[in-house]
Amino acid sequence: MSIPNFTLNNGVEIPAIGLGVYQSAPEETAAAVETALRTGYRHIDTAAAYRNEREVGEGIRRSGVDRDEVFIETKVWVSDFGYDETLHAFEKATGKLGFDTLDLLILHQPAPGRFARTVGAYKALETLLGDGRVRSIGVSNFTPAHLDRLLAETAVVPAVNQVELHPYFAQSALQEADARLGVLTQAWSPIGGITFYPGWGEQRVSVMEDETIAAIAAAHGKSPAQVMLRWHVQEGRSAIPKSTNPARIASNFDVFDFELSADELARIDALDTGRRSGPDPDVERPEMFDLPITEA
């Protein structure tokens, strides 16, 4: 199967659909990554804070897929922000993954209350990019205001901004800001905010149960999750659905054989409630931000 790619602002290509491993237990992660790559995925998204980078590397090696064919993305956690600290965070990440280079390295949070360290961290990403140790750099959970602050003090426009984005929280203003800057919007929680984020969104309603999406899915003989992933791809977003279930991993990748109409896309767009299911990136979380990232 031919996997569509998006071209980042520095010419690097990224697969439209990747496997996310947030909240994937380490003992399940290697098997999920191996399954995904054997299914046809060529993009794996992890993070230092997920504590499963080592298992991602193991799964890639077990799959038999050549490293050069896999787009590896990981994230620097806030406790490793700062120029020298982030250079060391790269060494920790590559050491755990077992690969010398990364395809995309991003800052996990804007951490606006300690933004000088955020800027220092991003300048370290610029150095790693210039040295050829990473192929592209970016950010996660940045609002338009955070992007403006960052760009005022740095030189390289982020290639990617990974944010919460699904039909109930579509972030249209953020998408417009990303597009204006040439930043690819990447959706975490792309199929509806159903992953549990402790302390946030306990009253949320799963988009998987939305009647409009169910009707569109029935019309195409697809699942609601497949419709939402197709919605992302057609609107030009990278999406990283998370699963450790082999059947769901395969189903989430089976979205390239149908097309949503303009009317169907508009009906999904109209579902936006403007309510997050995950944390607000403007809220400081020192107990989380100071979480240490181990050396091994």
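The structure this text deals with has already been given above.
Anyway, here's the lowdown on the structure attached to this text. The structure displayed is predicted, hence computed values, not measured ones.

1. Brief notes about the packing of aromatic side chains
Thought 1: For the coordinates displayed, the defined rule picks out 4 aromatic pairs.
Thought 2: Each ring, one from Phe-253 and one from Phe-256, has its centre 5.5 Å from the other, and the planes form 85°; the classification is edge-to-face. Phe-256 carries the same exposure label as Phe-253, and that label is buried.
Thought 3: One aromatic cluster is present, formed by Tyr-41, Phe-253 and Phe-256 through successive ring pairs.
Thought 4: Sitting over the face of the ring of Phe-99, Arg-61 holds its NZ or CZ atom 5.2 Å from the ring centroid.
Thought 5: The lysine or arginine in question, Arg-67, covers the ring of Phe-99, its NZ or CZ lying 5.4 Å from the ring centre.

2. Points about helix H6 (residues 172-181)
Thought 1: All of the buried residues in H6 are Leu-174, Gln-175, Ala-177 and Asp-178. Angular distribution of buried residues about the axis of H6 spans 160°; they occupy a single face of the element. Looking at H6, the residues exposed on the side facing more than 90 degrees away from the buried face are Ala-173, Glu-176, Ala-179 and Arg-180.
Thought 2: Looking at the packing, one finds that the buried side of H6 touches helix H5 (144-151), strand E8 (160-164) and strand E9 (184-188).
Thought 3: Count one or two residues on from H6 and you reach Gly-182, which has phi positive near 85°.

3. Some remarks on the environment of Met-208
Thought 1: Inspection of the secondary structure assignment puts Met-208 in the loop between E9 and helix H7 (211-220).
Thought 2: Taking the relative accessible area as the measure of exposure, Met-208 reaches 30% and is therefore partly exposed.

4. With respect to the packing of helix H1 (residues 26-39) against helix H2 (residues 53-63)
Thought 1: In the contact formed by H1 and H2, the axes pass within 7 Å of each other and the chain directions differ by 35°. Classified by chirality, the crossing of H2 by H1 is right-handed. Together, Pro-26, Thr-29, Ala-30, Ala-31, Val-33, Glu-34, Leu-37 and Arg-38 of H1 and Glu-55, Val-56, Glu-58, Gly-59, Ile-60, Arg-62 and Ser-63 of H2 make up the contact between the two elements.
Thought 2: Residues belonging to the contact of H1 with H2 are distributed by class as follows: 7 nonpolar, 3 polar and 5 charged.

5. A word on empty space enclosed by the protein
By rolling a water-sized probe across the atoms, one finds the places where empty space is left.
Thought 1: Throughout the structure, instances matching the rule amount to 1 cavity of 30 Å³ or more.
Thought 2: Taken together, Ala-48, Glu-53, Lys-75, Val-76, Asp-80, Ala-89, Lys-92, Ala-93, Lys-96, Leu-105 and Ile-293 make up the lining of the largest cavity.
Thought 3: Mapped by element, the contributors of at least two residues to the lining of the largest cavity are strand E5 (71-76) and helix H3 (83-97).
Thought 4: The element contributing the most residues to the lining of the largest cavity is H3, with 4 residues.

Definitions and cut-offs
Residues numbered from 1 in each chain as written. Predicted model: local features only at pLDDT ≥ 70, side-chain atom pairs only at ≥ 80, totals over all residues. Heavy atoms only, no water. Phe/Tyr/Trp six-rings, centres within 6.5 Å; stacked < 30°, edge-to-face > 60°. Buried < 20%, exposed > 50% of the residue type's maximum accessible area, 1.4 Å probe, protein only. Lys NZ or Arg CZ within 6 Å of the ring centre and 35° of its normal. Helix = DSSP H or I, 4+ residues; strand = E, 2+ residues; numbered from the N terminus. Arc of directions from axis to C-beta. Contact = heavy atoms within 4.5 Å. Axes fitted to C-alpha atoms, helices over the stretch in contact; angles between N-to-C directions. Left-handed = near helix turned anticlockwise from the far one by under 90°. Nonpolar A, V, L, I, M, F, W, Y, C, P; charged D, E, K, R; others polar. 1 Å grid on protein atoms, 1.4 Å probe; cavity = no way out; pocket = protein on both sides within 12 Å on 5 of 7 lines; lining within 4 Å. Points joined across faces, edges and corners; volume = space filled by probe spheres on them.

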